[in-house]
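Architecture at a glance
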Amino acid sequence: MKIVKALASVSAAALLVAPAFAQSSNVRIIHGINGGDLGAPESLNVDVYVNGGLLLDNFNFRDVAGPLSLPAGDYEVKVVLDLDMINGSADDTVVIGPAIIPIAAGTDNTIIAHLTEGGAPTASKFENDLMMMPGKSQLILHHTAAAPQVDIFARKTGGRTPFAMLAGGAPNGAQAMFKVSPSNWQLFVSPAGTMNPVLGPASFKFDNRTSYLVYVVGQITNTRNSLEPIIVRIGS
């Protein structure tokens with residue numbers, strides 16, 4: 001994966017419509033679609049276009065780009081399946097978009113390509129509240145998988161404390177933020193109303209004054225469970 005030079009033209013185009021005093025924003029782009037969920041190779045090579053220019057070339061599943069510093073404004077985003085990388089075809093197929101995604105001034109944002117609850121490719125934008133508290137870690141959870149509502153449970157590793165629910169009945173597209181004590185934690189995801197893990201329990205170490213953006217991606221069907229977390233760590 002590489003960020004191509006078209007980024008400069010994207011920024012220049014945005015500057016043409018942004019006020020001179022506009023405050024820049026951070027934008028991360030995540031590829032959260034496992035090609036295996038669509039009957040394609042797992043890497044699912046795609047190209048990402050912004051405002052008509054190629055921004056990310058050969059962008060693969062689990063890749064994270066950014067943060068990119070961009071002026072506030074509306075951006076047209078299109079994700080195209082790179083068929084040339086898969087079967088030698090020269091005919092690219094649009095997978096997502098084009099969609100207009102607004103970016104507010106002075107914000108930190110993630111745009112993630114993922115699956116809807118029904119398994120269709122889509123993209124969502126999340127604003128990231130990175131305001132930290134001394135002596136705390138920040139965990140920001142996102143349900144971006146082809147799965148129904150889920151519950152998310154956590155407990156400190158090594159203790160006898162039972163798992164406690166962090167988020168209940170979270171639908172596809174949901175975002176929830178929690179501040180926890182820096183430590184080793186165990187998390188798992190289960191269908192809403194149950195404690196039957198479909199992801200985890202898995203152990204994570206959360207550091208002081210650090211934010212963790214966690215995106216649950218993949219798919220659950222009667223014959224397939226490809227759920228996994230993509231984690232972006234922000235902090236010291």
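These numbers come from a predicted model, not from an experiment.

A look at the overall build of the protein chain
The number of helices and strands found in the protein chain is 2 helices and 17 strands. By residue count, 45% of the 236 residues in the protein chain fall in the buried class. Taking contacts inside the protein chain between residues at least 6 apart in sequence as the whole, the part at least 24 apart equals 63%. Surface exposure of the protein chain reaches about 11000 Å², of which carbon and sulfur atoms provide 54%.

Quick notes on unusual backbone geometry
The omega torsion across glycine 66 and proline 67 is 10 degrees, close enough to zero to call that bond cis. Residue position: proline 67 is located in strand β5 (residues 64-71). In this chain, glycine 200 is followed by proline 201 through a cis amide linkage whose omega measures 0 degrees. Relative to the helices and strands, proline 201 is located in strand β15 (residues 199-206). Despite not being glycine, asparagine 58 has its phi angle at roughly 55 degrees, a positive value.

Some thoughts on empty space enclosed by the protein
Taken as a whole and assessed by the stated rule, the structure comprises 4 cavities of 30 Å³ or more. In this structure, the second largest cavity occupies an estimated 70 Å³ of space. What lines the second largest cavity is Ile29, Ile30, Val46, Val48, Phe59, Val77, Val79, Ile111, Ile112, Ala113 and Ala123. When contributions to the lining of the second largest cavity are tallied by element, the ones reaching two or more residues are β2 (24-31), β3 (46-50), β6 (73-81) and β8 (108-115). The element best represented in the lining of the second largest cavity is β8, accounting for 3 residues. Across the lining of the second largest cavity, the residue classes tally to 11 nonpolar, no polar and no charged.

Calculation notes
Residues numbered from 1 in each chain as written. Predicted model: local features only at pLDDT ≥ 70, side-chain atom pairs only at ≥ 80, totals over all residues. Heavy atoms only, no water. Helix = DSSP H or I, 4+ residues; strand = E, 2+ residues; numbered from the N terminus. Buried < 20%, exposed > 50% of the residue type's maximum accessible area, 1.4 Å probe, protein only. Contact = heavy atoms within 4.5 Å. Areas by Shrake-Rupley, 256 points an atom, 1.4 Å probe, with all protein chains shown as cover. 1 Å grid on protein atoms, 1.4 Å probe; cavity = no way out; pocket = protein on both sides within 12 Å on 5 of 7 lines; lining within 4 Å. Points joined across faces, edges and corners; volume = space filled by probe spheres on them. Nonpolar A, V, L, I, M, F, W, Y, C, P; charged D, E, K, R; others polar.

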